[in-house]
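Below, each chain spelled out in residue letters.
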Amino acid sequence: MFFKVLRYDLLNGTLKSAKKYLIALLVFLVAAFDFTLRAPGLRNNLSVEMSTLGDYLMYIFYGMNEYEIGSPEPFRFPALWMLIVLFALYIVLYYPYNDIYGYGKQVLVNAGSRSIWWLSKCAWVFTTVLTYFLILFATVFVYARLAGAEMTLNISKYMYMSFLPVAELKETLVTSLNMEIFLMPFLLVLALGLLQLFMSLLIRPILSYSLSIVILVISAYYVHPFFPGNYAMIARSDKLIEAGVNNTVGIYFFLGIILVSMILGWICFYKFDILSNERI
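All values reported here derive from a predicted model rather than from experimental measurement.

1. A closer look at the overall build of the protein
Phase 1 of the analysis: Regarding its fold elements, the protein presents eleven helices and two strands.
Phase 2 of the analysis: When the helices and strands of the protein are placed in sequence order, the string is α-α-α-α-α-α-α-α-α-α-α-β-β.
Phase 3 of the analysis: Here the protein holds 280 residues, and the buried ones make up 48% of them.
Phase 4 of the analysis: The long-range fraction of contacts in the protein, counting pairs at least 24 apart against all pairs at least 6 apart in sequence, stands at 75%.

2. Description of helix α3 (residues 53-61)
Phase 1 of the analysis: When you tally the buried positions in α3, you get nine out of nine residues, the bulk of the element.
Phase 2 of the analysis: Among all positions in α3, only Leu53, Gly54, Asp55, Tyr56, Leu57, Met58, Tyr59, Ile60 and Phe61 are buried.

3. So, helix α7 (residues 114-146)
Phase 1 of the analysis: Taking 1.5 Å as the rise per residue, α7 with 33 residues should run 48 Å; its terminal C-alpha atoms sit 48 Å apart, in good agreement.
Phase 2 of the analysis: Directly beyond the C-terminal end of α7, a positive phi value near 85 degrees is found at Gly148.

4. Brief notes about the packing of aromatic side chains
Phase 1 of the analysis: Across all of its chains, the model carries 21 aromatic pairs by this definition.
Phase 2 of the analysis: Ring geometry for Tyr56 versus Tyr143: centroids 6.2 Å apart, planes at 65 degrees, classification edge-to-face. Taken as a pair, Tyr56 in helix α3 and Tyr143 in helix α7 lie far apart in primary sequence, 87 residues in all.
Phase 3 of the analysis: The class for Tyr56 is buried, based on a relative accessible area of 4%.
Phase 4 of the analysis: Each ring, one from Phe253 and one from Phe254, has its centre 6.4 Å from the other, and the planes form 10 degrees; the classification is stacked.

5. A few points about the packing of helix α4 (residues 79-91) against helix α10 (residues 205-221)
Phase 1 of the analysis: The contact between α4 and α10 brings their axes to 11 Å, and the two run at 160 degrees. The pairing of α4 with α10 is recorded here as roughly antiparallel in orientation. At the point where α4 passes α10, the crossing takes the right-handed sense. Between α4 and α10, the contacting residues are Trp81, Met82, Val85, Leu86, Phe87, Leu89 and Tyr90 on the first element and Tyr209, Ser212, Ile213, Leu216 and Val217 on the second.

6. A few points about the nonpolar core
Nonpolar side chains in soluble globular proteins tend to be buried together.
Phase 1 of the analysis: By size, the foremost hydrophobic cluster in this structure holds 82 residues, and its most contacted members are Phe61, Tyr132, Phe133 and Leu216.
Phase 2 of the analysis: Residues contacting Tyr132, with those up to four places away along its chain left out, are Tyr21, Ala24, Phe28, Leu83, Ile84, Phe87, Ala88 and Ile91.

7. Observations concerning the environment of Ala32
Phase 1 of the analysis: Structurally, Ala32 is set in helix α2 (residues 18-42).
Phase 2 of the analysis: With a relative accessible area of 1%, Ala32 lands in the buried category.
Phase 3 of the analysis: Along the primary structure Ala32 and Val140 are separated by 108 residues, whereas in three dimensions their C-alpha atoms are 6.4 Å apart.
Phase 4 of the analysis: Aside from chain neighbours lying at most four places away, what touches Ala32 is Tyr56 and Tyr143.

8. Some words on the layout of surface pockets
Phase 1 of the analysis: Of the voids in this model, the second largest pocket is the one considered here, and its volume is about 170 Å³.
Phase 2 of the analysis: Taken together, Leu192, Leu195, Ile215, Ile218, Phe226, Phe227, Pro228, Phe253 and Ile257 make up the lining of the second largest pocket.
Phase 3 of the analysis: Looking at the lining of the second largest pocket, the elements that each hand over two or more residues are α9 (178-199), α10 and α11 (247-269).
Phase 4 of the analysis: Looking at the lining of the second largest pocket, its residues break down into nine nonpolar, no polar and no charged.

Calculation notes
- Residues numbered from 1 in each chain as written.
- Predicted model: local features only at pLDDT ≥ 70, side-chain atom pairs only at ≥ 80, totals over all residues.
- Heavy atoms only, no water.
- Helix = DSSP H or I, 4+ residues; strand = E, 2+ residues; numbered from the N terminus.
- Buried < 20%, exposed > 50% of the residue type's maximum accessible area, 1.4 Å probe, protein only.
- Contact = heavy atoms within 4.5 Å.
- Expected span 1.5 Å × (residues − 1).
- Phe/Tyr/Trp six-rings, centres within 6.5 Å; stacked < 30°, edge-to-face > 60°.
- Axes fitted to C-alpha atoms, helices over the stretch in contact; angles between N-to-C directions.
- Parallel < 35°, antiparallel > 145°, perpendicular 65-115°, else oblique.
- Left-handed = near helix turned anticlockwise from the far one by under 90°.
- Core = buried A, V, L, I, M, F, W, Y, C linked by side-chain atoms within 4.5 Å.
- 1 Å grid on protein atoms, 1.4 Å probe; cavity = no way out; pocket = protein on both sides within 12 Å on 5 of 7 lines; lining within 4 Å.
- Points joined across faces, edges and corners; volume = space filled by probe spheres on them.
- Nonpolar A, V, L, I, M, F, W, Y, C, P; charged D, E, K, R; others polar.

The structure is reproduced here in structure tokens:
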């Protein structure tokens, strides 16, 4: 029965979001094109002829350097990073909430189990977020290949020299940041997406989305292990800067948010009076 409910969610929640995925595809293409425009200036005077696939991905997931209060440098908002994360969270925002007050009631009755319904929605969030990032990586891969980039995940030295303050750089630069690129942004969106799913049972979806925005903005301002957005920014990795955050800690942190959101959401959903559209 679980797989029947999940199939229903995938058909109604994912396939019907095709327009949103097309918009996401356009955003990814614009981000890759923007990097090709900036890359020649970044490579200037460093004798580098071309960029790598890793350079494209670092540009997208870089985030921003830590903002220091009182610094003469202006606050540089990580607009691209924020757009990528928030659009993914928007895609998973409304479907579960709308479904519970729509045809999803009949699906719940037929399933005969609130646990199956809830776990299916959690699985749907996971599948949707995974699809989003697969489209992102596939789009950047194809674009970078057509643009003549070296198809390697190694990151060029000019990227570090262009974005990170030299004083903060560690002596030994890593050339590959696969975990920071492929895993941490995915876990961030998955964790916040499930947190939104849980919070939507208590408050309206737009308020739960606002909570995600607040969390990400605070993460942009401060480097601290307690603010989850830091773990998904390459600029905040302890592989690059002394005061950075550790990936292992981040993985446990995200898994904690995921588990707590699923468990509390399951408990809360059992207190939901579906027929009267009121919590009890």
